[in-house]
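Each chain, letter by letter, is given below.
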Amino acid sequence: MRRTPIGKVDLHIHTTASDGTWSAEKLTEEVKKAGIDLFSVTDHDTVANTAAAQQAAAAAGLAFLAGVELTSTIRDQSFHILGYGIDPLSEPLRKLAEHNTVLMEETDRDSIKKLIDDGFLIDYDEYCRYQHEPARGGWKSLSFLIDKGFCRDIHDFFTNLFTAERNIVWPAFPSPSTVIQVIKKAGGKAVLAHPGSGFHGSCLEETLDFFAGETIDGVECFHPGHDTVVTRQAVDWCNRYHLLITGGSDCHGDFVAERHLGQPEIYFGQLRLAGLADRIQ
C-alpha cells in the first residue's frame, strides 16, 4: 500500500526509456530515498517504462501518476507538452510517440551526415554500427560524438555541433493542437512543460497566451528552469484561467548534473490536479 497523505511531489522525471540514466526500478528507489510521496515518469515520446514504474511504485508504497512528455512544433519552435493520467495503451498516443521517435532517429542520422559534410572526420558506417547504452543517458548521436572526442558533453553538443549555423535543427513535430488532442484521446490532461525556461525561446506571457487558445489543461509552473518570478507569473496565470498547476524536477538521473529529484521542492498542496486525483495509483 502507498503512503498517505501525499506530501512531497515530483511530476517530471525521465528514465532509460528516453534520455535518463535510471531504470524504472532504480528511479523508484531514488524517489523513495528523496522522501517523495507522489511521482510521475514523463519520458520523451515514449511510455515504454510506464508499466514498470507503476509496478515499482506500488511495491514501494508510493503514489504514481502515469505520464509522458510529447514534442510538438509551431512556427519552427519546439514545445514540450506533458500528458498526465494517460492510458499508456492508447493507440493514438503510441502512434504519435512512435512517429516522434522516428523523426528524432532520422535527425540523429542527418546530423551526423551534415557534420561529415562540414569536414568532421566521422565514419558514417561506424556510426550506424554504434550501440548507444541507455544507462548513460542521452541519445545515440550524442554518445557517439562524445566517445569519438568531437564534444565533451550535452552542453558542448548543443553549443558547437547541433546548431542552426550548421543547418542542424529540430525536425517538424506534430502541432501542439494535435498533441493535445492525442493526450485527451488517451484520457489524459495536457500540461505545457517549463514555459519559462530558455528551451522555448519566447517570452513567458507570449507562450502562455498562445497555449490558452490551444485548450491546454494546465501549466508546469514549478521547474528548475523557472526562477521565483517566473513561477509566480505562471501560477497567477493558471489561477486566472482555472487551469491545472503542476511541477517537477525534470531529473534525468545522472545525465543532467544540475537537476536533482525533488528540486524544486514541491508539495501536493501547492498544485492543482483537478480531474487527476482519481488517476493517482
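Refer to the preceding data block for the structure.
These figures come from a predicted structure and were not determined experimentally.

1. Examining the pattern of salt bridges
And then number 1: Within the structure shown, the criterion is met by eleven salt bridges.
And then number 2: A salt bridge links Lys 26 to Glu 30, with the nearest nitrogen and oxygen atoms 2.7 Å apart. Residue Lys 26 and its partner Glu 30 are both found in helix α1 (residues 24-33); the two are separated by four residues, about one turn of the helix.
And then number 3: Under the relative-accessibility criterion, Lys 26 is labelled partly exposed at 31%.
And then number 4: Judged by relative accessible area, Glu 30 falls into the buried class, the value being 16%.
And then number 5: The shortest N-O distance in the salt bridge between Asp 118 and Arg 166 comes to 2.3 Å. Within this pair, whereas Asp 118 is found in the loop between α3 (91-117) and α4 (124-129), its partner Arg 166 is found in the loop between α6 (154-161) and α7 (176-185), the two being separated by 48 residues in sequence.
And then number 6: Its relative accessible area of 26% is what places Arg 166 among the partly exposed residues.

2. Section: the nonpolar core
And then number 1: By size, the foremost hydrophobic cluster in this structure holds 62 residues, and its most contacted members are Leu 38 and Phe 39.
And then number 2: With five residues, helix α9 (residues 228-241) is the largest single contributor of residues to this core.
And then number 3: If we skip the residues at most four places from it in the chain, Leu 38 touches Ile 6, Lys 8, Val 9, Asp 10, Leu 11, Ala 63, Phe 64, Leu 65, Phe 268, Leu 273 and Ile 280.

Calculation criteria
Residues numbered from 1 in each chain as written. Predicted model: local features only at pLDDT ≥ 70, side-chain atom pairs only at ≥ 80, totals over all residues. Heavy atoms only, no water. Salt bridge = Lys/Arg side-chain N within 4 Å of Asp/Glu carboxyl O. Helix = DSSP H or I, 4+ residues; strand = E, 2+ residues; numbered from the N terminus. Buried < 20%, exposed > 50% of the residue type's maximum accessible area, 1.4 Å probe, protein only. Core = buried A, V, L, I, M, F, W, Y, C linked by side-chain atoms within 4.5 Å. Contact = heavy atoms within 4.5 Å.

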